[in-house]
Amino acid sequence: MAMFPTKAKILHRLLQFRHTFWSSPSLGRAPCSRLVLGIETSCDDTGAAVLDETGEILGESLHSQKEVHLRTGGIIPTVARQLHSENIERVVQEALERSDTDPSRLSAVATTVKPGLGLSLGIGLEFSQRFVRQHNLPFIPIHHMEAHALTVRMLQPVAFPFLVLLVSGGHSLLAVARGVDDFLLLGHTLDEAPGDTLDKVARRLSLIKHPQCTTLSGGQAIELLAKDGDRMRFPFRTPMGQTYDCCFSFAGLRNQVNMLIMKKEAEEGIEQGTLLSCVNDIAAATQHTVASHLAKRTHRAILFCKSIGLLPSSSPTLVLSGGVASNQYIRKALTLITDTTGLRLLCPPAKFCTDNGVMIAWNGVERLREGKGILPPNVDVSYEPKARLGVDMTAEVKAAAIRLPSVRMKIPN
Ligand code: KG4
Ligand code: ZN
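Note that the coordinates shown come from a computational prediction; the quantities given were computed from them, not determined experimentally.

**Concerning the overall build of the protein chain**
(1) Moving on: Within the protein chain one finds 14 helices and 11 strands.
(2) Moving on: The C-alpha atoms of the protein chain give a radius of gyration of 23 Å, which matches the 22 Å a tight globule of 413 residues would have.
(3) Moving on: Along the three orthogonal principal directions, the C-alpha set of the protein chain runs to about 80 × 55 × 40 Å.
(4) Moving on: Relative to its full complement of 413 residues, the protein chain shows a buried share of 52%.
(5) Moving on: In the protein chain, the share of contacts with a sequence separation of at least 24, taken over all contacts with a separation of at least 6, comes to 74%.

What follows is the structure in structure tokens.
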């Protein structure tokens, strides 16, 4: 063995020293690290954050419109646009101030431009294009679902490829992430997203009038009430049992729940808008059916990936993210599937599952590092309310028609 360090070893030690030196908190932030400002306005959250290249969050700010939309019984796009335009300047300013960053120190601005509510996306995009032109900065347009998929890599090392299940108020999809901008889409929702279904069921049950749920989103309210409910009392049909692909459908379940609610209102002799005595059981049964549906489609996606070698044999990973991924019961349902198929399940903490500026800035960092999709400030960019993620493989998945082995969905409460 050599007694003296090789040139490579010396270089490695120097780099280690430089890394320790610049990342030491007492010495402040690495002056050589590039900084990205991320801006999110695709739905009902106005978010901004400044991240450095290592994924450290230097400053962030988030304005949520949840309370307003809860009172109006759902998101009204013109109201969402108004609130974004009232808050975006302040939110971005706060993120910059909290990170002690002057715009001249930024290396790029990353902003969600697809998919989402057109009126909401427009506010973030317009603000960003003005900002990058004013400060002569590169612009990185971001796909909202790509950002949800990559967030986990900001928190821990997760190598490509991995399987990802993204479930929120606007989306439900299964994809293989093969690279920062390289996705294979295995399944998507054919009608509504699970968060949307939970929000609508909660609204139909008037859960906002429930003393424990006045400030909770529909999904949060259902999760809370389900804890004291009997999920077996109302056995809803799990959707798409005879379709052997990885797509999702939740509209039929919502219809089943609505029919039951009407029946129970008639039995209890109460008007729509009054709380039913069996809300906990309905919440538990609805949540269980959503969880089973997500788990079954994901199980098939895992078997499909295994059948054609889309995931690595060592440490294959399922990443679960999006607002609905904060649901502990749904996480447990997916744990049953990953346990039986030998995958590890990774799920960012709730704060990073829901929409925020951090995940957009991180997506910007990932793209900046790889030099992908970085535009000069003067290029005109349009927003896209509808935009698929990656290469569509749903036909191949359907053609494979994989039958699932039976797994008892005995999900611990
Ligand atoms: O990702 P997100 O913040 O925004 C969208 O892009 O949609 O997700 C919001 C959705 C809402 O539909 C909300 O009801 C749902 O996530 N959600 C939950 C929970 N927390 C939020 N659904 C089920 N269980 C929860 N704990
Ligand atoms: Zn989202």
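This is not the end of the story, as more comes after the structure.
**Remarks on helix 10 (residues 279-307)**
(1) Moving on: For helix 10, spanning 29 residues, the distance from its first C-alpha to its last is 42 Å, which sits close to the expected 42 Å at 1.5 Å a residue.
(2) Moving on: Directly after helix 10, the chain includes G309, whose backbone phi takes a positive value near 65°.

**Considerations on the pairing of strand 2 (residues 45-52)**
(1) Moving on: The buried fraction of strand 2 is high, at 8 of 8 residues.
(2) Moving on: Because side chains alternate across strand 2, one face comprises the buried residues D45, G47, A49 and L51, and the other comprises T46, A48, V50 and D52, equally buried.
(3) Moving on: Counting the residues in the hairpin turn of strand 1 (residues 35-40) and strand 2 gives 4 residues.
(4) Moving on: Sheet analysis places strand 2 next to strand 3 (residues 57-64), joined by 7 bridges and oriented antiparallel. Counterpart to T46 in the pairing with strand 3 is H63.
(5) Moving on: In sequence, strand 2 turns back onto strand 3 through a hairpin of 4 residues, with G55 there showing a positive phi of about 95°.

**Description of the packing of aromatic side chains**
How two aromatic rings sit relative to each other is set out by the distance from centre to centre and by the angle between their planes.
(1) Moving on: One pass over the full model with this rule turns up 3 aromatic pairs.
(2) Moving on: Both rings, one in F127 and one in F131, keep their centres 6.0 Å apart while their planes meet at 25°; by these two values the pair is stacked. Pair noted here: F127 and F131 are both in helix 4 (residues 118-135), with a separation of 4 residues, about one helical turn. Accessibility assignment for this pair places F127 and F131 in one class, buried.
(3) Moving on: Just above the ring of Y244 sits the side chain of R403; from NZ or CZ to the centre is 3.8 Å.

**Focus: the side chain of Q287**
(1) Moving on: Among the structural elements, Q287 can be located in helix 10.
(2) Moving on: For Q287, the side chain forms a polar contact with the side chain of N327, separated by 2.9 Å.
(3) Moving on: In this view, Q287 contacts I222, E223, A226, N327 and Y329; residues no more than four positions away in its chain are not counted.

**Regarding the site of ligand 1**
(1) Moving on: The environment of ligand 1 is formed by 19 residues, the closest being G169, D199, G219, E223 and G323.
(2) Moving on: Contact distances for ligand 1 include 2.8 Å between an oxygen atom and a backbone N or O atom of G169.
(3) Moving on: Separating an oxygen atom of ligand 1 from a side-chain N or O atom of D199 is a distance of 2.6 Å.
(4) Moving on: In the complex, the protein chains occlude 90% of the 550 Å² of accessible area that ligand 1 would expose alone.
(5) Moving on: Those elements that provide at least two residues to the shell around ligand 1 are helix 5 (144-150), helix 7 (194-204) and helix 8 (218-226).
(6) Moving on: Among the residues making up the shell around ligand 1, the classes are represented as 3 nonpolar, 13 polar and 3 charged.
(7) Moving on: Shared between two domains, the shell around ligand 1 holds at least three residues of each, these being domain 1 (33-157 + 354-370) and domain 2 (162-350 + 391-400).

About the cut-offs
- Residues numbered from 1 in each chain as written.
- Chains lettered and ligands numbered in written order.
- Predicted model: local features only at pLDDT ≥ 70, side-chain atom pairs only at ≥ 80, totals over all residues.
- Heavy atoms only, no water.
- Helix = DSSP H or I, 4+ residues; strand = E, 2+ residues; numbered from the N terminus.
- Rg over C-alpha atoms; globule rule 2.2 N^0.38 Å.
- Buried < 20%, exposed > 50% of the residue type's maximum accessible area, 1.4 Å probe, protein only.
- Contact = heavy atoms within 4.5 Å.
- Expected span 1.5 Å × (residues − 1).
- Pairing = 2+ DSSP bridges.
- Phe/Tyr/Trp six-rings, centres within 6.5 Å; stacked < 30°, edge-to-face > 60°.
- Lys NZ or Arg CZ within 6 Å of the ring centre and 35° of its normal.
- Polar contact = N/O pair within 3.5 Å; in protein donor to acceptor, adjacent residues only side chain to side chain.
- Near = heavy atom within 4 Å.
- Areas by Shrake-Rupley, 256 points an atom, 1.4 Å probe, with all protein chains shown as cover.
- Nonpolar A, V, L, I, M, F, W, Y, C, P; charged D, E, K, R; others polar.
- Domains from an automatic or database assignment.

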